[in-house]
Amino acid sequence: MAPALNKAGDSRGSAPSRQICENPQIAPSGQGIECMGKTSPEALLICEYCDTVYRRRTLTRGEVAHCLCCQAVLERHHGLSVNAMLALVMTAMVVFVQANVWPIVTLGLNGQYSSATLWGTIIQMWQQQAQVVSVLAAATLFFFPLFKMMSLGWLLWFARQGRRAPGFVRIMVTLHYIGPWTMSEVFVLGALVAIVKARIYFDVVADPGIYAYAVLTLLITIFASVDLRLLWDVTTPETAI
Amino acid sequence: MSALPRAADLGLISCHVCGLVCRAAADDAGRDGEVACPRCGSVLHRRKPASYARTWALLIAAFLMYIPANVLPIMRTASLNDIDDNTILSGVVELWVKGSPDLAVIVFTASIVVPMLKFLVMAVLLISSRFRSNWALPQRAKLFRLVELIGYWSMLDVFVVALLTALVRFNLLSLVEPLPGVIFFGLTVVLTMLASMSFDPRLIWDGRDTND
Ligand SMILES: [Zn+2]
Ligand SMILES: [Zn+2]
C-alpha cells in the first residue's frame, strides 16, 4: 500500500505548499489535513532521526510504527498500564536494595574469603587514585538508576489519576538527560568477566552473588521498551494554581 | 521517498526533550534558540546547536584519550611471586589463552571494536553530512542508531578493573590495583557517548535533493 498524500496549505502563504504524508502505518487514510494551523500539535509526530512529519494514529496492541524514511522506531504501543508500570518500578526498587546490600561476587582463597559490594567497589576505586572511575561507577550504577526509579515511582503514582506530580516538568526533563547514563546491565557482564579473570590470576573459588543485578537488568530491559514521553500524554497539567 | 514532508520545510520543530511538535518561531530569518517549548520549557532548535563543531571536538578529545587508554596499563595484578601490568589488549589475550575464548571475544568487542567503530562511524557521518552527500542514506542512519545503542557497553573493562580491585585483597601478595590507563579509558567512553549525543542525525538527511 502506497502512502496517500494530501495537500497541506501553508498558513504563512509565502512558501509553496507542501505535502503531508499520510503514513499508512501511522495515519488513518482519507483524513486530510486542510491547514497546519488547525491541526493540534499532539496529532503530529516528527521522526527525531530524520525530521519527517507524520500524522499520529492510535496504535493497537503490539504495533510498532517505523519511519518510512529512515526505519527508526517512531512510537510503540505501550502494553503496560500505568498501574502495571508502577508495580514494576516498586519491584525494581526492592531488587535495587538487594543488589546494593548483598555482595556482587565472593572470592575464596585458602580459607580466606573476600567479597565486594557496589559501594565497596566505589570506595576502593576512590582510595586507589582512580577517582574518575569511582565517580563514574557511583553515577551510572547507583545515583542515576536510583533517581530514575524514585522519580518514575513518583510520576506514575500521580499519573494513576491522570494528574501531573509536583515537579513533573523538571523531573521529565532530568529523566530525558540521564536516560543514556544508567549502566547496570554492563555491570552484570563485568561481574562475569571479573570472576573469570580472578580465576585466571589467583586460582580462587568464586561465588557470584549478582542475581539481584540480573533481575534488575531484566526489569531495566522491560522499561527500555517504554517511551517515557507517553507520560506527557496520559497526564494533564493542573490549571489551578 | 522524496515526497515525505520534513518538519524543517513545514515550519515545524519537534522538541528535543519531550517530542512535542511546535510551530517554528515566527522569524523567517531561520534563527532559533530563542523560543522555549510550551510543554517542557526546553529551548527549541531545528537542529542541535553547533552539532558539527561540538561533535568533532568531543570525538577528537575522545580519540586523544583513547591513545593512552590503550598504551598505558589499566590494571596491576600482584600474586605470590610476580607482578603483572595489563593493558586492554593483553587482558583480552590472557582471557583468550587461559580462560574462556568466548568472554575474550566479548571483551575485545566492547573495549576495542566498539570504540574503533564509533570513531570511524562518527567521522564518516560528520564528513559525509557536511558535504551533503546522498550516498547510502538509510545505511548511514542505521549506523548512527547502532553506534548510539552499543556505545556504553565499552564501559565493561572499567567495571571489571573496579570489581577486581575491590575483590582481590587477600594479603599483600595477591591484590589488584587500577592503573592510569583505566581512567583514560573511562573518559574515552564518556566522551564518545557525549559525541554521539551532540550529533544531530537529521543532518544526514539534510543534503537530500530538495527540488521535489
Ligand atoms: Zn525517520
Ligand atoms: Zn518540550
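Before reading further, recall that the structure is shown in the block above.
Residues numbered from 1 in each chain as written. Chains lettered and ligands numbered in written order. Predicted model: local features only at pLDDT ≥ 70, side-chain atom pairs only at ≥ 80, totals over all residues. Heavy atoms only, no water.

Peer 1: Looking at this model, I keep getting lost on the coordination of the zinc ion (ligand 2). Mind explaining?
Peer 2: Geometry reference: four tetrahedral donors at a metal, ideal angle 109.5 degrees. Six octahedral donors, ideal angles 90 or 180 degrees. Residues and elements named next belong to chain B. Coordination of the zinc ion (ligand 2) by the protein involves Cys15 (SG), Cys18 (SG), Cys37 (SG) and Cys40 (SG), with metal-donor separations of 2.2 to 2.4 Å. Taken together, the 4 donor atoms coordinating the zinc ion (ligand 2) span angles of 103 to 116° at the metal, a pattern that classifies the geometry as tetrahedral. If you list the donors of the zinc ion (ligand 2) from N- to C-terminus, the spacing comes out as C-x2-C-x18-C-x2-C. One end of the pair, Cys15, is in the loop between β1 (12–14) and β2 (21–23); the other, Cys37, is in the loop between β2 and α2 (51–71), with 22 residues separating them in the sequence. In this structure, Cys15 and Cys37 share a single accessibility class: buried. (Donors = N, O, S within 2.8 Å, 3.2 Å for Na, K, Ca; no water. Tetrahedral: all angles 85-135°; square planar, octahedral: opposite > 155°, others 65-115°. Helix = DSSP H or I, 4+ residues; strand = E, 2+ residues; numbered from the N terminus. Buried < 20%, exposed > 50% of the residue type's maximum accessible area, 1.4 Å probe, protein only.)

Peer 1: How do you make sense of the coordination of the zinc ion (ligand 1) when you look at a structure like this?
Peer 2: Coordination of the zinc ion (ligand 1) by the protein comes from Cys47 of chain A (SG), Cys50 of chain A (SG), Cys67 of chain A (SG) and Cys70 of chain A (SG), over a distance range of 2.2 to 2.4 Å. Geometry at the zinc ion (ligand 1) is tetrahedral, judged from its 4 donor atoms and the angles of 103 to 115° they form at the metal.

Peer 1: Hey, could you run me through the packing of helix α1 (residues 82–101) of chain A against helix α6 (residues 211–224) of chain A in this one?
Peer 2: Think of two packed helices as two axes; the pair is described by the angle between the axes and how far apart they sit. Residue and element names in this part refer to chain A. One way to put it is that α1 packs onto α6 with a least axis distance of 9 Å and a crossing angle of 150°. Taken together, the axis directions place α1 and α6 in an arrangement best described as roughly antiparallel. The two elements α1 and α6 cross, and the hand of that crossing is left-handed. Across the interface between the two elements, Met85, Leu88, Val89, Thr91, Ala92, Val95, Phe96, Gln98, Ala99 and Asn100 from α1 touch Ala212, Tyr213, Val215, Leu216, Leu219, Ile222 and Phe223 from α6. (Axes fitted to C-alpha atoms, helices over the stretch in contact; angles between N-to-C directions. Parallel < 35°, antiparallel > 145°, perpendicular 65-115°, else oblique. Left-handed = near helix turned anticlockwise from the far one by under 90°. Contact = heavy atoms within 4.5 Å.)

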